[in-house]
Amino acid sequence: MPHDHHAPLSPSDHPYRDDDDTSLTYWQTMEIAVRELLIEKGYLSATQIQEQINTMDERSPANGAALVAKAWTDPTFKKSLINDAGEASRNMGFDIGPMHLIALENSETVHNVIVCTLCSCYPRNLLGLPPDWYKSRAYRSRTVIEPRKVLAEFGLELGEEIQVRVHDSTADMRYIVVPAQPKESIGLSENELKDWVTRDSMIGVGLPRSPI
Ligand code: FE
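Residues numbered from 1 in each chain as written. Predicted model: local features only at pLDDT ≥ 70, side-chain atom pairs only at ≥ 80, totals over all residues. Heavy atoms only, no water.

Draft legend 1. Layout of the nonpolar core. Core analysis: the largest hydrophobic core is formed by 41 residues, its most contacted members being Leu81, Tyr139 and Ile203. For this core, the element with the highest residue contribution is helix H3 (residues 61–73), accounting for seven residues. Every residue in contact with Ile203, bar those within four places of it in the chain, is listed here: Asn112, Val113, Ile114, Tyr122, Leu127, Pro131, Trp133, Tyr134, Tyr139 and Val177. (Core = buried A, V, L, I, M, F, W, Y, C linked by side-chain atoms within 4.5 Å. Buried < 20%, exposed > 50% of the residue type's maximum accessible area, 1.4 Å probe, protein only. Helix = DSSP H or I, 4+ residues; strand = E, 2+ residues; numbered from the N terminus. Contact = heavy atoms within 4.5 Å.)

Structure (structure tokens):
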């Protein structure tokens, strides 16, 4: 049936979303050219590329939460996580690639926060894609200048007795915060504790909280 593509409303009276087609950037064109070459020369198949994208998209903060919950319930694992977070993650089945990963432990006197002042470096293998605010200029610049104020805006007011440490990620060095275990969660199983560990608590802008 013929229909008008420029009609402001769909047949169900739902407004159409405007097209946002823009011309490709230099790097987008470069990516397409390299990808097509790799496929044409038989180094990779389109299916392999898509599978890799799917694997990357499936990463979520649940990975990091599993790590933290294990650290809360297994002191030996916690020690190995603090000693060499990359190795400990690999042992849990989370491959973090060649980059250096550092786990920062929060305590009653120290609170760690992570940021990437240059761009958006983030422990994606453990937390999935970074939230938009993590990549914003405001978060990147203000977190190093006025961390307590930024944390307060996230609803996290820390007493003066707590030292705030800000850690700047780089392309080959990533951080994950191991939040302090809430007292009211002590005694719960590793599996139950996973639900207490929020994404924001592993960035350092929040605290773990009861899932109910
Ligand atoms: Fe970065």
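Draft legend 2. Spatial organisation of the pairing of strand S4 (residues 173–178). Within S4, five of the six residues are buried, which leaves the element mostly enclosed by the surrounding structure. Sheet topology places strand S1 (residues 100–105) next to S4; six bridges connect them, and they run parallel. Counted as the bridge partner of Glu105 is Val178 from S4. (Pairing = 2+ DSSP bridges.)

Draft legend 3. View of the packing of aromatic side chains. Enumeration over the complete set of coordinates arrives at seven aromatic pairs. Look at Tyr26 and Trp27: their rings are 4.9 Å apart centre to centre, the planes differ by 85°, and that puts the pair in the edge-to-face class. The burial state of Tyr26 is the same as that of Trp27; both residues are exposed. With 6.2 Å between their ring centres and 85° between their planes, Tyr139 and Phe154 make a pair best called edge-to-face. (Phe/Tyr/Trp six-rings, centres within 6.5 Å; stacked < 30°, edge-to-face > 60°.)

Draft legend 4. Representation of helix H1 (residues 26–40) within the structure. Helix length check: H1, at 15 residues, gives a terminal C-alpha distance of 21 Å against a target of 21 Å (1.5 Å per residue), a fit within 8%. Downstream of H1 by a residue or two, Gly42 has a phi angle that is positive, lying close to 80°. (Expected span 1.5 Å × (residues − 1).)

Draft legend 5. Representation of the domain arrangement of the protein. By domain assignment, the protein separates into domain 1 (1–58) and domain 2 (59–203). Once you take the C-alpha centre of each, domain 1 and domain 2 turn out to be 33 Å apart. (Domains from an automatic or database assignment.)

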